[in-house]
Amino acid sequence: MNRLDFPTPIDREIKLDPSLIIMSKTNTKGIIEYANDYFMEICGYEEYELMGQPHNVIRHPDMPKVIFKLLWERLHKGENIHALVKNLAKDGRYYWVLTNFETKYNESGEIISYYARRKAAPENAIFTIEKLYKTLLAIEKNQSTEVAEKYFYGLLEEKGQTYDSFILNVLNVSQSSLQNYFSDTSIIKENSNKKGFLKRLFS
Amino acid sequence: MEDLNFIPSDREVRLEPNQSLIFKFSNEYKLEYVNDFFTDFTGYEIHDVIGEGVEGMKHSDIPKLISSMLYESVENKKNINIILKNTTKDGRFYWFLTDFQYEIDEENKLLSFKYYRRFPSKSAIPTLEKLYKKLLDIENHASIEVAEKYLYGFLEEKNMSFSEYTAFLSKGEDFKSMVQKVETSQNLPAGKAGKKSWFRK
């Protein structure tokens, strides 16, 4: 299987439908096993191009490595993490998502796969996090991921926050409303059906 | 069967609701019996196929993964109701719904099995065609294992077996009655009618 060519990023955003979930399933090494229709629609790849590929084919070069380091540390422990991630589509455009993970185990309690569900990231949160990511990325480029990591934990320490409380702060939401954002798909489905119905009615 | 090198055509022949192809296989997967309608419908002579398998009639649009699911079901003596495409002798294609019935002895050993190809739901076909195309592309560009993982994730997301998904696309209940109607109208061997459960896993 050929490694996919890395697209050249362009400074144009893909706007996400806030009611839809971008879902993918990966193995413990981050190899994509399945992705839903909305995932494919947004990233612009075909299933045959993306399945069996590492998830970082859609990683945007503006993303600091330290965020993915933290993300995988949490995932290997079977913990969820809400991260704001800038992704790279096949045509070079970008889209911001907020992540949510579900870990799947086999009968012997070993992790076998992850279900990643992502939704549109709130605009005000992107504004805040972009500044931080720029700083982290610059440190990574001039120094190393380890130095960037130290800086990030120093920053959290100074603010007296954990990563989780920090991200809730950035998002300006409570833990419970964040859970609802990902779990309340019934309402979303109903709404999108209604929209479809109205669209049909007025088209 | 092996040397039938025809070029598949874009022309479709349709099974009607009251028609089905019936194959009876030995426990070594050799074809022992096929109904007369098979000859009328596919253009193959009975002597072309008796004593052989049915691999030669496979359609190239069907992913290897899907065919292997069928064999796996037979190995496990399980029924599987999925919609497949096959070729006739002159290269045309037809869609059908699979349905299996096994004859086993007291020790649960397979004696023989019947493979019915029934009228498929038209509403299910466009969606399945897209899915099969995706799987075939994944098989060709990556591997059958990657395609298998994809299908597994796809079904896991829907929390359905492939038979259930096919029934779902076929609008289940209508279809169940259709299968039973076929059974009664064709005077199948006793014990067959009413025994099938469309929704069985």
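The structure presented is a predicted model; accordingly, all values stated were derived computationally and were not measured. (Residues numbered from 1 in each chain as written. Chains lettered and ligands numbered in written order. Predicted model: local features only at pLDDT ≥ 70, side-chain atom pairs only at ≥ 80, totals over all residues. Heavy atoms only, no water.)

Student: Kindly report on the confidence of the model for chain A, identifying the contributing residues and their values.
Tutor: Residues and elements named next belong to chain A. Looking at chain A as a whole, its pLDDT mean stands at 90, while 89% of the residues score no less than 70. Mean pLDDT values for the elements of chain A range from 43 in helix 8 (residues 185-202) up to 98 in strand 3 (residues 84-88). Note that pLDDT drops below 50 for residues 186-203; the model gives that stretch three contacts with residues more than four away or on any other chain. (pLDDT = per-residue confidence, 0-100. Helix = DSSP H or I, 4+ residues; strand = E, 2+ residues; numbered from the N terminus. Contact = heavy atoms within 4.5 Å.)

Student: Lay out the packing of helix 3 (residues 64-75) of chain B against helix 4 (residues 125-141) of chain B in plain terms, naming residues and giving numbers.
Tutor: Helix packing for two helices is described by the angle between their axes and how far apart those axes are. Residues and elements named next belong to chain B. Look at helix 3 against helix 4: their axes get within 8 Å of each other, and the N-to-C directions meet at 105°. By the criterion of interaxial angle, the relationship of helix 3 to helix 4 is roughly perpendicular. Residues Lys64, Leu65 and Ile66 of helix 3 lie in contact with helix 4, whose contacting residues are Tyr132, Leu135 and Glu139. (Axes fitted to C-alpha atoms, helices over the stretch in contact; angles between N-to-C directions. Parallel < 35°, antiparallel > 145°, perpendicular 65-115°, else oblique.)

Student: An account of the side chain of A:Arg74 is needed here, citing residue identities and associated values.
Tutor: Within the fold, A:Arg74 resides in helix 3 (residues 65-76). Here the side chain of A:Arg74 touches A:Asp164 through a polar contact of 2.8 Å, side chain to side chain. (Polar contact = N/O pair within 3.5 Å; in protein donor to acceptor, adjacent residues only side chain to side chain.)

Student: Break down the sheet that holds strand 1 (residues 20-26) of chain B for me, citing the residues and quoting the values.
Tutor: Residues and elements named next belong to chain B. Spatial ordering of the open sheet is given by 2-1-5-4-3, a layout of five strands whose pairing is antiparallel. Edge positions in the sheet fall to strand 2 (31-34) and strand 3 (83-87), since each of these pairs with one other strand and no more. Taking each pair of neighbouring strands and ignoring which way they run, the sheet shows an average axis angle of 35°. Judged from the seven bridges that link them, strand 1 and strand 5 (residues 110-118) form a sheet pairing that is antiparallel. (Pairing = 2+ DSSP bridges.)

Student: An account of the packing of helix 4 (residues 123-142) of chain A against helix 5 (residues 145-159) of chain A is needed here, citing residue identities and associated values.
Tutor: Residues and elements named next belong to chain A. Here helix 4 crosses helix 5 at 145°, and the two axes come no closer than 7 Å. Considering the relative orientation of helix 4 and helix 5, their crossing is right-handed. Between helix 4 and helix 5, the contacting residues are Leu132, Thr135, Leu136, Ile139 and Glu140 on the first element and Thr145, Val147, Ala148, Tyr151, Phe152 and Leu155 on the second. Per-class residue counts for the contact of helix 4 with helix 5 are eight nonpolar, two polar and one charged. (Left-handed = near helix turned anticlockwise from the far one by under 90°. Nonpolar A, V, L, I, M, F, W, Y, C, P; charged D, E, K, R; others polar.)

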